[in-house]
Amino acid sequence: MPLRIHDTLTREKREFVPITPGRVRMYVCGMTVQNKPHVGHIRASLSGEIMRRYLEHLGYQVDYAYNFTDVDDKIIERANSEGVSYDQVSERNIRAYMEFADLCNIKRATLYPRATQHIPEMHALIARLIEKGHAYAAGGDVYFDVRSKSDYGKLSGRRVDEMREGYRIEPGEAKRDPLDFALWKGAKPGEPAWESPWGPGRPGWHIECSAMAMKHLGETIDIHGGGQDLIFPHHENEIAQSEAATGRPFAHFWTENGMVNLGGEKMSKSTGNLFFVEDIVRSVDPEVVRFYLLSTHYRSPIEFTLERLTEAATAYERLRAPLVRAGVWTLTPGPVPGGELGEAVATAERSFGEAMDDDFNTARALGHLFDLARAVNRSLDEGGGPEGREGARRLYALGGILGLFWKVPGAETWAPEVLALADRREVARKARDWKQADALRNELLALGVVVEDGPQGPKLKKRG
């Protein structure tokens, strides 16, 4: 069965055929880095990363861009409130994102473009839109003329005349129509600014993604991802400005992921807990977080509570159990299983592929992994020996396509908070951030844990 992907624009699943045979160009709207990463950022990243992993499994070369919006109103507001520069706020939150994405085994993107590094490309794209009559300069700003694009609203299914209610022209804005959106914002006191043909200022939010995607991936890309909260206005505006400039489709597939619903008093916005990833990994293994987020199809909403995460930890332990029994982390390929286990392996591998070919249905794919885990356990119970271990290795390989089972079991059980600190320290060490690594080592010492670094990686020991 060929890979079929649901496209938000056409509202249907279609067979995936890349623009260039053997190669996929993919762009995912990333963090606006005014604060630390939260679980919504991790889910959006994971949704795109799973597509990338499976496409690579199918043999495609994937050019994958995940951007950072590193200057906007909220970043500037936070920087001013802290008395620091906007780029200090951006840099620390980008570092935090990378750290926690690594903890959740989110594969590094091919590139991480930033808005502030693409100002010339934005200027060129804005000038192109003005030349074609789709944008206009006014009072130091530049706006996109929404009514110049007759199919505006096609992604979200909104009609221009119906949208106008509730929009207004704010004081100081010189746009012609309330629906027109800013491509370039004139400089204001206390804000960073760049020179431009229309005077000093900074980019509007929407123009950056079009400019960055076009520079690195081309005027038409295969897949564009991001959260469903971006469908309108962000992705709608990306389509309008990109296609107005080029006359070509901007993306062949729009694959927005569902939202994270926060539940429970301790995990609600009203209590100020915004599910920052650094708080989550103190009490939950990042491998369990990844597993739980994959247990729901990427387009569906997911409830995120401590209760659900606790249930997920138990389920994930069941799934890993036969791998631990067989010691798959050190196994080499063995004899192909026969009989009942052989049938279970063949069924799982076929069904797993069918699930992933059906719009990356990780929830269904995980169900087939559990079926295989039960068959492997039965084989090991019955003294299956080499064939049982090979069945476990096949289970491990399927999980690896989803980015699971990356942690080798240790000889000693440690609290999730200790493991999270150790993982963060190893990420810092690999990034040669010695100051952060030393700080995390001291946090572990305060918990009574000593870290010993060796050729095979760090080892944890109780402080004597």
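The model shown is predicted, which means the values in this text are computed figures rather than measured ones.

Peer 1: What should I look at first to understand the overall build of the protein chain in this one?
Peer 2: A count of helical and extended segments in the protein chain gives 15 helices and 14 strands. Taking 23 Å as the expected radius of gyration for a compact globule of 464 residues, we find that the protein chain reaches 24 Å, a close match to that expectation. Taken along its principal axes, the extent of the C-alpha atoms in the protein chain is 80 × 55 × 40 Å. For the protein chain, buried positions account for 52% of its 464 residues. For the protein chain, long-range pairs separated by at least 24 residues make up 75% of all intrachain contacts whose partners lie at least 6 apart in sequence. When the accessible surface of the protein chain is summed, it comes to about 20,700 Å², and 49% of that surface belongs to carbon and sulfur atoms.

Peer 1: When you look at the packing of aromatic side chains in this model, what are you seeing that I'm missing?
Peer 2: Any aromatic ring pair is given by two values, namely how distant the centres are and how the planes are angled relative to each other. Using the criterion set out here, one finds 19 aromatic pairs in the structure. Considering the side-chain rings of F144 and F181, the 5.1 Å spacing of their centres and the 20 degrees angle between planes classify their relative orientation as stacked. Placement of the pair is F144 in strand β6 (residues 141-144) and F181 in strand β7 (residues 181-186), with a sequence separation of 37 residues. Pair check on accessibility: F144 and F181 agree, each one buried. Pairing F291 with Y316 gives two aromatic rings, centres 4.9 Å apart and planes at 35 degrees, and the pair type is tilted. Of the two residues, F291 sits in helix α9 (residues 286-294) while Y316 sits in helix α10 (residues 306-326), which places them 25 residues apart along the sequence. The exposure class assigned to F291 is buried, which follows from its relative accessible area of 5%. Among the residues examined, Y316 registers a relative accessible area of 3% and is labelled buried. In textbook terms, an aromatic cluster arises when at least three aromatic residues are bridged by ring pairs, as seen for F291, Y316, W329, F370, Y396 and F405. Sitting above the plane of the F232 ring, R158 keeps its charged end 4.1 Å from the centroid.

Peer 1: I would appreciate a short explanation of empty space enclosed by the protein in the present structure.
Peer 2: Over the atoms rolls a probe the size of a water molecule, and in doing so it shows where empty space is left. Scanning all chains against the criterion turns up 4 cavities of 30 Å³ or more. The space that makes up the largest cavity amounts to roughly 80 Å³. As for the largest cavity, its lining consists of R43, L46, S47, I50, M51, L293, L294, T296, Y298, F360 and T362. Sorting the residues of the lining of the largest cavity by element identifies α1 (39-57) and α9 as the ones contributing at least two each. Here the lining of the largest cavity gets 5 residues from one element, more than from any other, and that element is α1. Looking at side-chain class alone, the lining of the largest cavity contains 7 nonpolar, 3 polar and 1 charged residues.

Peer 1: Sorry, what's going on with the sheet that holds strand β8 (residues 201-203) here?
Peer 2: Strand pairs in the sheet, formed through backbone hydrogen bonds, run parallel or antiparallel to each other. As summarised here, the arrangement of the 4 strands in space is β5-β6-β7-β8, forming an open sheet in which the pairing is antiparallel. Two strands bound the open sheet, and with one partner strand each, they are β5 (135-138) and β8. Here the strands of the sheet are splayed against their neighbours by 20 degrees on average, with no regard to which way each runs. Note: β7 against β8, 3 bridges, orientation antiparallel. When the sheet's bridge partners are listed, K185 is paired in β8 with R202.

Peer 1: Help me understand unusual backbone geometry in this model?
Peer 2: What is expected of a backbone is that most residues other than glycine have negative phi and most peptide bonds are trans. Look at the link from F232 to P233: it is a cis peptide, with omega at 10 degrees. Of note, P233 is situated in helix α7 (residues 231-246). One non-glycine residue, N105, lies in the positive phi region at around 60 degrees. Along the chain, N105 falls in the loop between α3 (86-103) and α4 (119-131). N105 sits in the partly exposed class, given a relative accessible area of 22%. Residue F405 is not a glycine yet carries a positive backbone phi of 65 degrees. You can see F405 is positioned in the loop between α13 (385-401) and α14 (416-430).

Peer 1: Hey, could you run me through the pattern of salt bridges in this one?
Peer 2: Think of it this way: side chains of opposite charge can pair up when their charged atoms draw near. All told, the structure shown has 44 salt bridges when counted by the stated rule. With a closest N to O distance of 2.3 Å, D73 and R202 form a salt bridge. Here D73, found in helix α2 (residues 73-82), pairs with R202, found in strand β8; they are 129 residues apart in sequence, far enough to count as distant. Residue D453 pairs with R429 through a salt bridge whose shortest N-O separation is 3.7 Å. Here R429 lies in helix α14 and D453 lies in the loop between β13 (449-452) and β14 (459-462), a separation of 24 residues in the sequence. Taking relative accessible area as the criterion, D453 reaches 35% and is therefore assigned partly exposed. R429 gets classed as partly exposed once you look at its relative accessible area, which sits at 23%. Each of R425, E426, R429, R441 and D453 takes part in salt bridges that share partners, so that together they form one network.

Peer 1: What am I meant to see in the side chain of H234 here?
Peer 2: Residue placement: H234 occurs in helix α7. Taking relative accessible area as the criterion, H234 reaches 1% and is therefore assigned buried. Reaching out from H234, the side chain makes a polar contact with the side chain of H206 at a distance of 3.0 Å. With sequence-adjacent residues up to four places away left out, H234 is seen in contact with C29, W205, H206 and C209.

Analysis parameters
Residues numbered from 1 in each chain as written. Predicted model: local features only at pLDDT ≥ 70, side-chain atom pairs only at ≥ 80, totals over all residues. Heavy atoms only, no water. Helix = DSSP H or I, 4+ residues; strand = E, 2+ residues; numbered from the N terminus. Rg over C-alpha atoms; globule rule 2.2 N^0.38 Å. Buried < 20%, exposed > 50% of the residue type's maximum accessible area, 1.4 Å probe, protein only. Contact = heavy atoms within 4.5 Å. Areas by Shrake-Rupley, 256 points an atom, 1.4 Å probe, with all protein chains shown as cover. Phe/Tyr/Trp six-rings, centres within 6.5 Å; stacked < 30°, edge-to-face > 60°. Lys NZ or Arg CZ within 6 Å of the ring centre and 35° of its normal. 1 Å grid on protein atoms, 1.4 Å probe; cavity = no way out; pocket = protein on both sides within 12 Å on 5 of 7 lines; lining within 4 Å. Points joined across faces, edges and corners; volume = space filled by probe spheres on them. Nonpolar A, V, L, I, M, F, W, Y, C, P; charged D, E, K, R; others polar. Pairing = 2+ DSSP bridges. Axes fitted to C-alpha atoms, helices over the stretch in contact; angles between N-to-C directions. Salt bridge = Lys/Arg side-chain N within 4 Å of Asp/Glu carboxyl O. Polar contact = N/O pair within 3.5 Å; in protein donor to acceptor, adjacent residues only side chain to side chain.

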